Amino acid sequence: MSYLLQLLVSGLVVGSIYALAALGFVLIYKASRVINFAHGQFIAIGAFTVYALVVYLKLNVWLAFGLALLFTALVAFLVEKLFLKPLVGQPIISVIMVTIGLASLLDGLIHLTPFGGGNFSLPRFLPEGGVSFLGVSVSYPQLLAVLLTALFLAGFGWFFQRSTLGAAMRAVADDQMAAMSLGVSVEHVFALAWAAAGITAAAAGFIVGTVSGINLESLVAIGLKVFPAVILGGLDSIPGAVIGGIVIGILENLATGYLDPLVPGGGTAEVFPFVVLLLVLWFKPHGLFGTEEIERV
Amino acid sequence: MRNPWAETGNYKTSYRQDTAIFATYLEMLSLWALVALLLVLPFFLKRPQVFVLDLILVYSLAVLGLNITTGYAGLINIGQAAFVGVGAYTAALLAPSLPFWLTVPIGGLAGAVAGGIVGIPSLRIKHLYLAIATLAFQIIFEWTVGHSTILKQGGAIAMPRVEFLGYKVGYKNHYYFWYYVILLVVVLLAFAFRNLLRTRYGRALVAVRDNDRAADAMGMHPGLTKIFAFALGGFYAGVAGALYAYLSRAVVIEDYMLPVSIKFLAMAIVGGLGSIVGSFLGPAFLVLLDLNMEDLANWLKSLGLSYAGVDIASAMRPLTFGLVIVLFLIFEPRGLANWWRLVRNFFRNWPFKY
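Residues numbered from 1 in each chain as written. Chains lettered and ligands numbered in written order. Predicted model: local features only at pLDDT ≥ 70, side-chain atom pairs only at ≥ 80, totals over all residues. Heavy atoms only, no water.

Draft legend 1. The arrangement of the overall build of chain B in detail. Check the secondary structure of chain B and you find 14 helices and four strands. Computed over its C-alpha atoms, the radius of gyration of chain B comes to 21 Å, within 12% of the 20 Å expected for a compact globule of 354 residues. Projected onto the principal axes, the alpha-carbon positions of chain B cover approximately 65 × 55 × 50 Å. By the burial criterion, 52% of the 354 residues in chain B qualify as buried. (Helix = DSSP H or I, 4+ residues; strand = E, 2+ residues; numbered from the N terminus. Rg over C-alpha atoms; globule rule 2.2 N^0.38 Å. Buried < 20%, exposed > 50% of the residue type's maximum accessible area, 1.4 Å probe, protein only.)

Draft legend 2. Representation of a nonpolar patch on the surface. Taken together, the side chains of W5, Y25, L26, M28, L29 and W32 of chain B make up a nonpolar region of the molecular surface, amounting to roughly 640 Å² of accessible area. You can see W32 of chain B is positioned in helix α2 (residues 25-40). (Patch = residues over 30% accessible without salt bridge, like charges linked within 9 Å, V, L, I, M, F, W, Y side chains within 5 Å. Areas by Shrake-Rupley, 256 points an atom, 1.4 Å probe, with all protein chains shown as cover. Salt bridge = Lys/Arg side-chain N within 4 Å of Asp/Glu carboxyl O.)

Draft legend 3. Main features of the packing of aromatic side chains. Residues and elements named next belong to chain B. In this structure the tally under the stated criterion is 38 aromatic pairs over all chains. When the centroid spacing of 5.1 Å and the interplanar angle of 75° are considered together, the rings of F100 and W178 count as edge-to-face. Separated by 78 residues along the polypeptide, F100 in helix α5 (residues 100-119) and W178 in helix α7 (residues 174-196) bring together distant segments of the chain. Each member of the pair, F100 together with W178, is buried. (Phe/Tyr/Trp six-rings, centres within 6.5 Å; stacked < 30°, edge-to-face > 60°.)

Draft legend 4. View of the pairing of strand β1 (residues 130-133) of chain A. All names here are of chain A. In the sheet, β1 pairs with strand β2 (residues 136-139) via four bridges, with the strands oriented antiparallel. Its bridge partner lying in β2, F133 is registered against V136. Count of turn residues in the β1/β2 antiparallel hairpin: two residues, of which L134 carries a positive phi of about 50°. (Pairing = 2+ DSSP bridges.)

Draft legend 5. Representation of the packing of helix α1 (residues 2-32) of chain A against helix α5 (residues 140-162) of chain A within the structure. Residues and elements named next belong to chain A. The contact between α1 and α5 brings their axes to 9 Å, and the two run at 30°. Judged by the inter-axis angle, α1 sits roughly parallel to α5. Between α1 and α5 lies a crossing of left-handed hand. Along its contact with α1, which presents S10, L12, V13, S16, L20, L23 and L27, the element α5 presents Q142, A145, V146, T149, F152, L153, F156 and F160. (Axes fitted to C-alpha atoms, helices over the stretch in contact; angles between N-to-C directions. Parallel < 35°, antiparallel > 145°, perpendicular 65-115°, else oblique. Left-handed = near helix turned anticlockwise from the far one by under 90°. Contact = heavy atoms within 4.5 Å.)

Draft legend 6. Layout of unusual backbone geometry. With a phi close to 60°, R33 of chain A is a non-glycine residue in the positive phi region. Examined against the element boundaries, R33 of chain A turns out to sit in the loop between α1 and α2 (39-55). The residue R249 of chain B is not glycine, and still its phi comes out positive at about 65°. Tracing the backbone through its elements, the reader meets R249 of chain B in the loop between α10 (222-248) and β4 (250-251). Taking relative accessible area as the criterion, R249 of chain B reaches 29% and is therefore assigned partly exposed.

Structure (structure tokens):
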């Protein structure tokens, strides 16, 4: 029983990382119908920026975190302005291909920094140990991960419900034409959606850094794990992204706990989410909360 | 008056004329001249150069398959390398017991089956979701190979040397022999594809890409057409994989992973999506670029651009592939094939414009 609980708790931690990453992904998709294949690279940029600021410039961790959020948001913003904007009006295939190209391009750029290969870990800034309840122990970094995710989700929830910008973004997601005619700058909203996605990606990267070590490959892999999460939740649903992320995280840990002993070599966590993805696509393609597209000729 | 040798204007009066593969004898002649040139080319080249030609042709085959799914049917495929891998591993498993002229088509069939299975969701969903399905297939493929003892967990599986007409193909003739095999397969499959595009099935692909609701209303089945596109693309990929396995004499998982899929996409985009000529120009461009990458990296190093902990060579590949994809999409979305088309159209009516 406590084994199961332990798996659930660590699944929740991993899941909250996925939830944050998936949130940014869905923001872009909702605003501009672009599937962003470069999301993992944004996560990596966020994580490595924190690391560089803390280790090379000896900044306070939280200050570094704040700066990394801004920096990644700026990168995402510029990416939208430079590469996505020229393609407005082009077929959706080109737009998606551009994000695939961007993923490769950003990969190459990260390889030009010292972070291309090898493992890095943030210096420890939280006390050792953790809390335990019901026989389950939760380390402080794990606790921080869940709390930080909750904080970010609440913040974004507030932003979308209460702020003018958030309302404008929701309006564009709902009906671009109508939003435009009411004076919302759609261009502006697209760029903002990317910047917001950059922020969540950087936050996800930072959390990975606090919970475990960071290396380029695993951070990019998180960018790919976003796909099962958003497909499960429904591509255009923000609550769906969060729930999908957490469910995928938990499923992944359950797979590690219960399936790994059955499979020679183990490592089922890497592939299990994608099997779930295919099953969802086969049986419930619009996910748990996605809107089904009804097409009229 | 229609001139059978040079087009002097548009004199087509029937669909049959419009869909003819060759508009003029000159076009037919120039294509055969190209094939003849390719046939004699190896006699003038050294071994490594022939190997480069082999690579370009094999990649062209895979990109041709990708062009079927992505270019003509409009379904983004981020798992082409996995389909190529299915063909390669099938060939690797069968090679000890079967001759190569059987394992190559069987590899193609295995790729087709994989393509059909990945395409199943297209019965219900549209291209955005399908792109993600192909990505999932790529990852599941990599994991499965990495965990199969029979496939050496992704490590190198050696391919046997083949025998042909009682003659064993050895070290010296390896690249030359496979050049002709690959050339034959490429010519056959490219012609098959060109012909397919004139038939109802080929045109259904384009119709479904352009507007699947309209295609549905006209009696085509969009879902089945998409599955067909995936299966056909998978077949080309599988054949390419089997040939690549023989050519490189070993099957390693690194040749069939996600970055390779992105390389195929880059080739298709650079060449021009939805173009057969582009399926050859793109791979040629990127293979030649790839060959010069090492020199480029060394040159950058000599400029003093290298610093501790950074491997410029490993950064160059993703960087250039990404850059090439992005730049072509923004500035020349129709790819190199469009340049080819412009040149050809200039000469089409030249010099008899009457």
